Amino acid sequence: DFAASAAAEPRSRRPWLVVAGHRPLYCSMQQPTCGPEAEKLREVLEPLFHEYEVDLYLSAHVHAYERTYPVFNKTLCPHQPRKSLRVLRRPCAPVYV
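Here we summarise the structure given alongside this text.

Rules and cut-offs
Residues numbered from 1 in each chain as written. Predicted model: local features only at pLDDT ≥ 70, side-chain atom pairs only at ≥ 80, totals over all residues. Heavy atoms only, no water. Patch = residues over 30% accessible without salt bridge, like charges linked within 9 Å, V, L, I, M, F, W, Y side chains within 5 Å. Areas by Shrake-Rupley, 256 points an atom, 1.4 Å probe, with all protein chains shown as cover. Salt bridge = Lys/Arg side-chain N within 4 Å of Asp/Glu carboxyl O. Helix = DSSP H or I, 4+ residues; strand = E, 2+ residues; numbered from the N terminus. Disulfide = S-S within 2.5 Å. Buried < 20%, exposed > 50% of the residue type's maximum accessible area, 1.4 Å probe, protein only. Core = buried A, V, L, I, M, F, W, Y, C linked by side-chain atoms within 4.5 Å. Contact = heavy atoms within 4.5 Å. Pairing = 2+ DSSP bridges. 1 Å grid on protein atoms, 1.4 Å probe; cavity = no way out; pocket = protein on both sides within 12 Å on 5 of 7 lines; lining within 4 Å. Points joined across faces, edges and corners; volume = space filled by probe spheres on them. Nonpolar A, V, L, I, M, F, W, Y, C, P; charged D, E, K, R; others polar.

Moving on, we get to a nonpolar patch on the surface. Judged by side-chain polarity, Trp16, Val18 and Leu58 come together as a nonpolar surface patch covering roughly 310 Å² of accessible area. One can find Val18 in strand β1 (residues 18-20).

Below, the structure is given as structure tokens:
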């Protein structure tokens, strides 16, 4: 339940909100998984992830390791210059692994 997990009191006790799913929202290797299927998932899930401030999305369908910087709507978060991405402090979007 996103609403319960994202509430201020639970987030103060458990500051990370992690979502796990089977198929990736962002990947570069395999079609159609990384093409039209990922696009459909982004249309449905990304607005929810943004609304409830999800920090991390884990997926496993593509059997290769890839990760992103914080991304929303196929765009790197503003105010997240690559030089300072060693430590993320309240990024605007999830990291996808």
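Read on, since the account is not over.
Turning next to the state of the cysteines. In this structure the tally under the stated criterion is 2 disulfides. Paired through a disulfide, Cys27 and Cys34 show a sulfur-sulfur distance of 1.9 Å. Negative torsions about the S-S bond denote left-handed disulfides, and the value of about -120° found for Cys27 with Cys34 makes this one left-handed. Looking at Cys34, the relative accessible area reads 12%, which means it is buried. With its sulfur 2.0 Å from that of its partner, Cys77 forms a disulfide with Cys92. Taking the sign of the S-S torsion, -100° for the link of Cys77 and Cys92, the bridge is left-handed. Here Cys77, found in the loop between β4 (75-76) and β5 (95-96), pairs with Cys92, found in the loop between β4 and β5; they are 15 residues apart in sequence, far enough to count as distant. Once the disulfide-bonded cysteines of the protein are ranked by sequence position, their pairing pattern turns out to be 1-2, 3-4.

Listed in full, the 9 residues of the largest apolar core are Leu17, Val19, Leu25, Tyr26, Phe49, Val54, Tyr57, Val71 and Tyr96. Once residues lying within four places of it in the same chain are set aside, the contact partners of Leu25 are Ala38, Leu41, Arg42, Leu45, Glu46, Phe49, Tyr57 and Tyr96.

Moving on: the sheet that holds strand β2 (residues 56-58). Taken in spatial order, the 3 strands make up an open sheet running β1-β2-β5, and their pairing is parallel. Sheet topology places β1 and β5 at the edges, where each strand pairs with a single neighbour. Sheet topology places β1 next to β2; 3 bridges connect them, and they run parallel. Each bridged residue has a counterpart across the sheet, and for Val18 the counterpart in β2 is Leu56.

Let us look at the layout of surface pockets. Computed from the structure, the largest pocket encloses a volume of approximately 340 Å³. Around the largest pocket, the lining is made up of 16 residues, and of these Arg11, Glu53, Asp55, Arg90 and Pro91 lie nearest the centre. Broken down by class, the residue content of the lining of the largest pocket amounts to 10 nonpolar, 1 polar and 5 charged.

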